[in-house]
Amino acid sequence: MVRKYFGTDGIRGLANGPKLTPELALKVGMAAGKKFVRGDHRNRVVIGKDTRRSGYMIEQALTAGFTAVGMDVYLLGPMPTPAVAMLTRSLRADLGVMISASHNPFEDNGIKLFRPDGYKLSDQIELEIERLIDSDMSDTLAHGRDIGRAHRDEEARTRYIEYAKRTLPRNTDLAGLRVVLDCANGAAYKVAPIALWELGAEVFTIGDKPDGFNINDKVGSTAPEAVAAKVREMRADVGIALDGDADRVIIVDEKGNVVDGDQFMAVIAESWLQREVLMGGGIVATVMSNLGLERYLGSLGLTLERTQVGDRYVLEAMRAKGFNVGGEQSGHIILSDFTTTGDGLVAALQLLAVLKAQDRPVSEICSRFTKVPQLLRSVKFKSGKPLEHKLVIAAIADGQAMLGAGGRLVVRASGTEPVIRVMGECDDAGLVSTVVGQIEAAIREVA
């Protein structure tokens, strides 16, 4: 399926660039509104955003589009993506919208849409919305009393905080824990510190002073050096780094070492297995997850179901096959007992619960397995389709042959930016470096 506007995670691009403009946002509001207007009640849509300056512009354009087709708009203000998904269900909205470009720099922005049940839209529905965007929608306009109106929902933040707190096991609090929290100057800068403090933790917060331009700027899950330095400075027990829209999380141990998503998922999987709440006989992760995770889960009698990259595909596999834990190596952790998408705060709370229960340092708890040597490189390109060039195709084939059956090679185009990602892994670190380097060089030559 060729899609004109939607990528792997909604619509994303440079704000006021070739694709993402106020005009497009207006049309998205009208098209999505038309698709989800249903029944004889006042239809409602909730809209959250992160802290980018362009969020104001897109929010107003979307609001105009939705109200134009008769939907009432509930404006949540800065709010994590998973909070928008949860509030879509909680407020019985017909549609949820998150304005964010996640971990991208502030110049970018995006639009994510959620169904009434809080799940992201299917490819088919996105295609239907695209067709509506490019059509004449004048017949969808509401008139008179049917035109929608906009509200500011001042209680939404409290709803989400209480919801997140209730995901901890019964009779668990965080008293005695020293926690460094990095909010990436993003969507969670208000809700996450409050939730941790109310649960009893001593919280040291960084990345909580957004100015519209500093989201993900040397802070957050894509720059864990900031939280690591603060953990060492404050002699904290753990560091938590969220990304711009707080749907992913990176953990830092008490020594300032980064714990990636694979180790994180291993901890949760084993904990939930012991508590007899793990479903599906394993977890779901993507092709990028380390082979060491798969081997470790196997030692516990658990399986690792792999999907293509993208949290939506992880979630689809979880729902189809009955798993309740899944995620990505990058820190998207989905716990479907609680959420319909990745939730950095809720995932972090599950780790803190294990930390309290076991009374051991994070460096021990989050060292479940030895990682198989893995190398990931990102190669930027300006235009064209480098992966279809015969030189790149040949380099990939040679690399697969060199790694053999005991290794893995994944070469893919990013769905959100003009980048080719090359990942290789096997027990021989030198061989991995050689293979990835050869493929990277081939891509650069044709890109």
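Overview of the structure. Quick caveat, the model's predicted, so the values are computed rather than measured. (Residues numbered from 1 in each chain as written. Predicted model: local features only at pLDDT ≥ 70, side-chain atom pairs only at ≥ 80, totals over all residues. Heavy atoms only, no water.)

**Re the pairing of strand β9 (residues 238-242)**
Part 1 of the reasoning: Among the five residues in β9, five count as buried, and that is most of the element.
Part 2 of the reasoning: Residues Val 238, Ile 240 and Leu 242 line one face of β9 and the alternating positions Gly 239 and Ala 241 line the opposite face, and both faces are buried.
Part 3 of the reasoning: Sheet analysis places strand β7 (residues 178-182) next to β9, joined by four bridges and oriented parallel. Residue Leu 181 lies in a different strand from β9, and its bridge partner there is Ile 240.
Part 4 of the reasoning: One ladder, built from four bridges, connects β9 with strand β10 (residues 249-252); its direction is antiparallel. When the sheet's bridge partners are listed, Leu 242 is paired in β10 with Val 249.
Part 5 of the reasoning: Between β9 and β10, which pair antiparallel and follow one another directly, the connecting turn spans six residues, one of which, Ala 246, has a positive phi of 65°. (Buried < 20%, exposed > 50% of the residue type's maximum accessible area, 1.4 Å probe, protein only. Helix = DSSP H or I, 4+ residues; strand = E, 2+ residues; numbered from the N terminus. Pairing = 2+ DSSP bridges.)

**Considering the packing of aromatic side chains**
Part 1 of the reasoning: Enumeration over the complete set of coordinates arrives at four aromatic pairs.
Part 2 of the reasoning: Here the aromatic rings of Phe 106 and Phe 213 are separated by 5.3 Å at their centres, their planes lie at 80°, and the arrangement is edge-to-face. Of this pair, Phe 106 sits in the loop between β4 (95-99) and β5 (108-114) while Phe 213 sits in the loop between β8 (202-206) and α7 (225-234), placing them 107 residues apart in sequence. (Phe/Tyr/Trp six-rings, centres within 6.5 Å; stacked < 30°, edge-to-face > 60°.)

**Focus: the side chain of Asp 247**
Part 1 of the reasoning: Examined against the element boundaries, Asp 247 turns out to sit in the loop between β9 and β10.
Part 2 of the reasoning: Among the polar contacts made by the side chain of Asp 247, one reaches the side chain of His 332 at a distance of 3.1 Å.
Part 3 of the reasoning: Here Asp 247 is in contact with Thr 81, Pro 82, Ser 102, Lys 112, Gly 331, His 332, Ile 333, Gly 342, Asp 343 and Gly 344, once residues within four sequence places are set aside. (Polar contact = N/O pair within 3.5 Å; in protein donor to acceptor, adjacent residues only side chain to side chain. Contact = heavy atoms within 4.5 Å.)

**Overview of the environment of Pro 386**
Part 1 of the reasoning: Inspection of the secondary structure assignment puts Pro 386 in the loop between β16 (374-380) and α13 (390-403).
Part 2 of the reasoning: Filtering out sequence-adjacent residues up to four positions away, Pro 386 remains in contact with Phe 381, Val 392, Ile 443, Val 446 and Ala 447.

**Thoughts on the sheet that holds strand β18 (residues 419-425)**
Part 1 of the reasoning: Ordered by their spatial adjacency, three strands build an open sheet running β16-β18-β17, and the pairing between neighbours is antiparallel. Only two strands of the sheet have a single neighbouring strand rather than two, namely β16 and β17 (408-413). Put simply, the sheet's adjacent strands are angled 10° from each other on average, direction ignored.
Part 2 of the reasoning: Packing of α13 onto the sheet brings it into contact with β17 and β18, and relative to β17 it is tilted by some 155°. (Axes fitted to C-alpha atoms, helices over the stretch in contact; angles between N-to-C directions.)

**Topic: the pattern of salt bridges**
Part 1 of the reasoning: All chains considered together, the criterion is met by 36 salt bridges.
Part 2 of the reasoning: As a salt-bridge pair, Lys 49 and Glu 59 come within 3.3 Å of each other at their nearest N and O atoms. Taken as a pair, Lys 49 in strand β2 (residues 44-49) and Glu 59 in helix α2 (residues 54-68) lie far apart in primary sequence, 10 residues in all.
Part 3 of the reasoning: Take Lys 49: its relative accessible area is 6%, and that puts it in the buried class.
Part 4 of the reasoning: With a relative accessible area of 0%, Glu 59 lands in the buried category.
Part 5 of the reasoning: Here Arg 248 ties to Asp 243 by a salt bridge, and the two come within 3.6 Å at their closest N and O atoms. A single burial state applies to Arg 248 and to Asp 243, both of which are buried. (Salt bridge = Lys/Arg side-chain N within 4 Å of Asp/Glu carboxyl O.)

**A few points about the nonpolar core**
Part 1 of the reasoning: The biggest cluster of nonpolar side chains holds 71 residues, and the ones touching the most others in it are Ile 240 and Ile 251.
Part 2 of the reasoning: Ranked by residues supplied to this core, first place goes to helix α11 (residues 344-358) with 10 residues.
Part 3 of the reasoning: Not counting chain neighbours up to four residues away, the residues in contact with Ile 240 comprise Val 179, Val 180, Leu 181, Asp 182, Leu 196, Val 227, Val 249, Ile 250, Ile 251, Ala 348 and Leu 352.
Part 4 of the reasoning: One finds Val 45, Met 71, Leu 113 and Leu 121 within the second-largest nonpolar core, a separate group that totals 32 residues. (Core = buried A, V, L, I, M, F, W, Y, C linked by side-chain atoms within 4.5 Å.)

**Remarks on the sheet that holds β10**
Part 1 of the reasoning: Taking strand neighbours across the sheet as the criterion, the five strands line up as β8-β7-β9-β10-β11 in an open arrangement whose pairing is mixed. The sheet is open, and its two edges are formed by β8 and β11 (258-259), each paired on a single side.
Part 2 of the reasoning: Across the sheet, α7 touches β7, β8, β9 and β10, and the angle it forms with β7 is around 155°.
Part 3 of the reasoning: Sitting on the sheet, α11 is in contact with β9 and β10, with an inclination near 170° to β9.

**Re α2**
Part 1 of the reasoning: Its 15 residues give α2 an end-to-end C-alpha distance of 21 Å, which sits within 8% of 21 Å, the value for a rise of 1.5 Å per residue.
Part 2 of the reasoning: Among the residues of α2, Ser 54, Gly 55, Ile 58, Glu 59, Ala 61, Leu 62, Thr 63, Gly 65, Phe 66 and Thr 67 are the ones counted as buried.
Part 3 of the reasoning: Against the buried residues of α2 lie α1 (22-36), β2, β3 (72-78), β4, β5 and β6 (150-152). (Expected span 1.5 Å × (residues − 1).)

**Describing the environment of Met 288**
Part 1 of the reasoning: Looking at where Met 288 falls in the secondary structure, it is placed in the loop between β12 (282-286) and α9 (291-299).
Part 2 of the reasoning: Residue classification places Met 288 among the buried positions, given a relative accessible area of 7%.
Part 3 of the reasoning: Residues Met 288 and Arg 408, spaced 120 residues apart in sequence, show a C-alpha to C-alpha distance of 9.3 Å.
Part 4 of the reasoning: In this structure Met 288 touches Arg 306, Val 309, Gln 329, Gln 374, Leu 376, Arg 408, Val 410, Arg 412 and Met 423, once residues within four positions along its chain are discounted.

**What to know about the packing of α13 against helix α14 (residues 429-446)**
Part 1 of the reasoning: Direction vectors running N to C along α13 and α14 enclose 175°, while the axes themselves pass 9 Å from each other. Between α13 and α14, the crossing angle belongs to the class labelled roughly antiparallel. Here α13 contributes Leu 391, Val 392, Ala 395, Ile 396, Gly 399, Met 402 and Leu 403 to the contact with α14, which in turn contributes Leu 431, Val 432, Thr 434, Val 435, Gln 438, Ile 439, Ala 442, Ile 443, Glu 445 and Val 446.
Part 2 of the reasoning: Looking at side-chain class alone, the contact of α13 with α14 contains 13 nonpolar, three polar and one charged residues. (Parallel < 35°, antiparallel > 145°, perpendicular 65-115°, else oblique. Nonpolar A, V, L, I, M, F, W, Y, C, P; charged D, E, K, R; others polar.)

Purely spatial values, then, with no claim about function.
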